[in-house]
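# Coordinates in review
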Amino acid sequence: MSLLEVGRTHTCGELRREHAGATVVLFGWVHRRRDLGARIFIQLRDRDGITQLDFAEELGAEAYALGESLRSEDCIAVRGKVADRGENANADMATGEIEIKVTEVEVFSKSQTPPFVVADDDRLDAGENLRLQYRYLDLRRPVMQHNFRVRSQIGYLTRKSLAEAGFYELETPYMVKYTPGGARNFLVPSRIHPGQFYALAESPQIYKQLFMVSGFDKYFQITRCFRDEDLRNDRQPEFTQIDVEMSFATPERIFAPMEALMRTLWKEILDVELEDTFLRMSWDEAMARFGSDKPDIRFGLELNDVTEHVRDSGFKVFDGAECVSGLCVPADKAGGLSRKVIDNLTEFVKQRENGGAKGLAWTRIGEDGTWSGAVGKNVRPEVQAALTEAMGAQPGCVLMFIADGWHTTHTVLCNLRLHLRDQLNLLEGNDNPWRFLWVTDFPMFEQNDAGQFVAAHHPFTSPRDEHVDMLVSDPAAVRAKAYDLVLNGNEIGGGSIRIHRSDVQAKVFTALGLSDEEAQFKFGFLLEAFKYGPPPHGGIALGLDRVAMLMTGAESLRDVIAFPKTQRGQDLMTGAPTIADDPQLAELYLTHRDLPASSTDE
RNA sequence: GGGGCGGUAGUUAAGUUGGUUAUAACGCCGGCCUGUCACGCCGGAGGUCGCGGGUUCGAGCCCCGUCCGCCCCGCCA
């Protein structure tokens, strides 16, 4: 009987000293091979671990002969007796107490020499393009196997946690009505309706709200979303959301099951106890203290808005600036801030990608309290005293200021703060490596380049009740019942309480400059549905890929997505996207136009 | 749409001011080795220097174009 029919008795990760003496059958891949002459050690790998095999003539001549021919990534079965390695045990391996004395081998299939080393352990021996081209081999690497085990657990625990909290798992279409605005959609041509298109859903937003109108009360879905926008390290054109919606919701009623979900994930997967209740912070406070709507609160170095203190300071850089704010680098961390380092920081803040400040005003506070440099020379002593007080400065501190518009000042200081976090090792000795935070009360609107108000979240986001009257009179001041879940400076989810009253919805459309006709054209079916007793409701969507990335410590979303696209949206393994030939296009009533010469494929 | 970094052996990288036969490590192949565990030792094979053009007596190196990968800005509820 072949070993395949016999079946494996154990995985490659589970044998221990107590199994010594047992005859076992293992299946797996040749991970590494150490040929000592008349004795060959082979490490056999499957998804659960690695077990050492021992081949020697006296254990089985036929098996030994086959063992000599085995090469990396061959797929094999072995039968043999578990032996205690005694003094030769390898403490670095989970199964290092034992090895298999191989008496029988079956080669399921040989492998060509792989284009890169799968058994790379911690070091990586391949560039990203090769890894993506041979993705199935890349995924064999133990690091990747671990990432996808975690990802699988996240899915399972999410379903378990939300189902137990009373949420129904319901599905929504991927092929949906095209609605302009928001993210760019991928389009799917309709064969049956010439010239017409579906869009791939950028999120299930409208459908989940309709579920609430339907009375399903609590909904969730682990679902794919599609956005045809430019890619980043943490952005893929298709990605997975844990999508949630709830009737009769308040923000707190949504936070509770989400926090419970996070606690479950961290406890079950990482064995970490998260706090009972996550910190909440308004958007205004987050911006004021950290210059960011997704602050990393694992360390201090908060912003200090000193605009009021430096009015008439005597320093030209400060006087007349719309907003002056600064960081106080504490004395015990400021040692590394040499003149040269600070000059580099000055270049850093000037770079456009970091916000583009005009410069960095800075001063070092001496042991006697005197301020160094141009800031010390120009800022009047009483203003220095006020700033020292306001920023909690001590001798030895370095103060850094940005004086610019409100937006620039906050953007630059946010980037500078994160830069200093890494440069000065400010996370060193951090006792809580997982700092969750709800950022609440986002602005209802943002202004685009033309000065028009656009929805910061989406047009169904409810304003705070007390701000409804300001929708027309002062849109910029309106705060929404919108919130993000932030982890260590990463946005991992966001949502809002939705509008369920048509009079409020009308005011929001007006503030957005959306006519009745336009609103009807874009969202008519939703507005119609809301005429039939919609419940108050709200929800949230979590980025499952980003959660997986943070939980595994992966450096890129691509390391937690099995078959990701490159930054230019290609699948290097299959070659997608490809040119469609004329018969296919004809069936869809499509024709190419103005195709750039470079895209004729190769 | 824009900015930056990179592309040299199967892989990862080095390659000086433009100058003889383009290096190293790992991998691969062959030989030796009975306790290795990133095994070791000896030997060997392996190159369209991304692609196209240009400058030059001569280009991996300089110039122009182009393709690909990565990072970032714009963009992205």
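In short, a report on the structure. (Residues numbered from 1 in each chain as written. Chains lettered and ligands numbered in written order. Predicted model: local features only at pLDDT ≥ 70, side-chain atom pairs only at ≥ 80, totals over all residues. Heavy atoms only, no water.)

With respect to topology, 8 strands assemble into an open sheet ordered S6-S10-S11-S22-S21-S20-S17-S12, the strand pairing being mixed. Both edges of this open sheet fall to strand S6 (168-169) and strand S12 (279-282), since each of them pairs with a single strand only. Relative to the sheet, helix H5 (residues 142-164) contacts S6, strand S10 (218-226) and strand S11 (238-247), its axis offset from that of S10 by approximately 150°. Contacting S12 and strand S17 (436-440), helix H8 (residues 283-290) runs over the sheet at an angle of about 85° to S12. (Pairing = 2+ DSSP bridges. Helix = DSSP H or I, 4+ residues; strand = E, 2+ residues; numbered from the N terminus. Contact = heavy atoms within 4.5 Å. Axes fitted to C-alpha atoms, helices over the stretch in contact; angles between N-to-C directions.)

This part takes up the packing of aromatic side chains. In the structure shown here, the tally under the stated rule is 18 aromatic pairs. On the numbers, 5.1 Å between centres and 80° between planes, the contact of Trp-266 with Phe-436 is edge-to-face. Of this pair, Trp-266 sits in helix H7 (residues 251-270) while Phe-436 is found in strand S17, placing the two residues 170 residues apart along the sequence. The pair formed by Trp-266 and Phe-436 is uniform in burial state, with each residue classed as buried. Centre to centre, the rings of Trp-283 and Trp-406 are 6.4 Å apart; their planes meet at 35°, and the pair counts as tilted. Here Trp-283 is found in helix H8, whereas its partner Trp-406 is found in helix H12 (residues 406-423), with 123 residues between them in sequence. When its relative accessible area of 14% is taken as the criterion, Trp-283 is described as buried. One aromatic cluster is present, built from ring pairs that chain together Tyr-168, Phe-211, Phe-216 and Tyr-219. A cation over an aromatic ring shows up here: Lys-177 above the ring of Phe-521, its NZ or CZ 5.2 Å from the ring centre. (Phe/Tyr/Trp six-rings, centres within 6.5 Å; stacked < 30°, edge-to-face > 60°. Buried < 20%, exposed > 50% of the residue type's maximum accessible area, 1.4 Å probe, protein only. Lys NZ or Arg CZ within 6 Å of the ring centre and 35° of its normal.)

Turning next to the environment of Thr-51. Tracing the backbone through its elements, the reader meets Thr-51 in strand S3 (residues 49-56). Judged by its relative accessible area of 0%, Thr-51 falls in the buried class. Between the C-alpha atom of Thr-51 and that of Ile-100, which follows or precedes it by 49 residues, the distance is 7.8 Å. Setting aside chain neighbours within four positions, we find Thr-51 in contact with Cys-12, Gly-13, Leu-26, Ile-42, Gln-43, Leu-44, Thr-95, Ile-98 and Ile-100. Here Cys-12 takes part through its backbone oxygen, which lies 2.6 Å from a polar atom of the side chain of Thr-51. (Polar contact = N/O pair within 3.5 Å; in protein donor to acceptor, adjacent residues only side chain to side chain.)

Residues in close proximity to RNA strand B total 50 residues, the closest being Arg-39, Arg-85, Asp-125, Ala-183 and His-457. One nitrogen or oxygen atom from the side chain of Asp-230 is found 2.5 Å from a base nitrogen belonging to RNA strand B. The separation between a base nitrogen of RNA strand B and a polar side-chain atom of Arg-235 is 2.7 Å. Where the surface near RNA strand B is concerned, the elements lending two or more residues are strand S1 (23-35), strand S2 (39-46), S3, strand S5 (98-109) and helix H3 (128-133). Split into classes, the residues belonging to the surface near RNA strand B amount to 9 nonpolar, 17 polar and 24 charged. (Near = heavy atom within 4 Å. Nonpolar A, V, L, I, M, F, W, Y, C, P; charged D, E, K, R; others polar.)

This paragraph deals with the sheet that holds strand S8 (residues 187-189). Read across the open sheet, the 3 strands follow the order S7-S9-S8; overall the sheet is antiparallel. The open sheet is flanked by strand S7 (175-176) and S8, the only strands paired with a single partner. The pairing of S8 with strand S9 (residues 197-200) spans 3 bridges and is antiparallel. Note that in S9 the partner of Leu-187 across the bridge is Ala-199.

Taken as a whole and judged by the stated rule, the model has 48 salt bridges. Between Arg-464 and Glu-466 there is a salt bridge; the shortest N-O distance is 2.7 Å. Close ionic contact of Arg-501 with Asp-503 constitutes a salt bridge, the shortest N to O distance being 2.9 Å. Owing to a relative accessible area of 45%, Arg-501 belongs among the partly exposed residues under this scheme. Overall, the relative accessible area of 39% leaves Asp-503 in the partly exposed class. Three or more residues joined by partner-sharing salt bridges are found here, namely Arg-39, Asp-54, Arg-85, Glu-99 and Lys-101. (Salt bridge = Lys/Arg side-chain N within 4 Å of Asp/Glu carboxyl O.)

Here we take up the packing of helix H6 (residues 205-213) against helix H15 (residues 516-529). Viewed as axis vectors pointing N to C, H6 and H15 meet at an angle of 15°, and their least axial separation amounts to 10 Å. The angle between H6 and H15 places the two elements in the roughly parallel class. Crossing geometry of H6 relative to H15 is assigned as left-handed. In this structure, H6 uses Ile-206, Gln-209, Leu-210 and Val-213 to contact H15, whose residues at the interface are Phe-523, Phe-525, Leu-526 and Ala-529. Each residue belonging to the contact of H6 with H15 can be placed in one class, and the counts come to 7 nonpolar, 1 polar and no charged. (Parallel < 35°, antiparallel > 145°, perpendicular 65-115°, else oblique. Left-handed = near helix turned anticlockwise from the far one by under 90°.)

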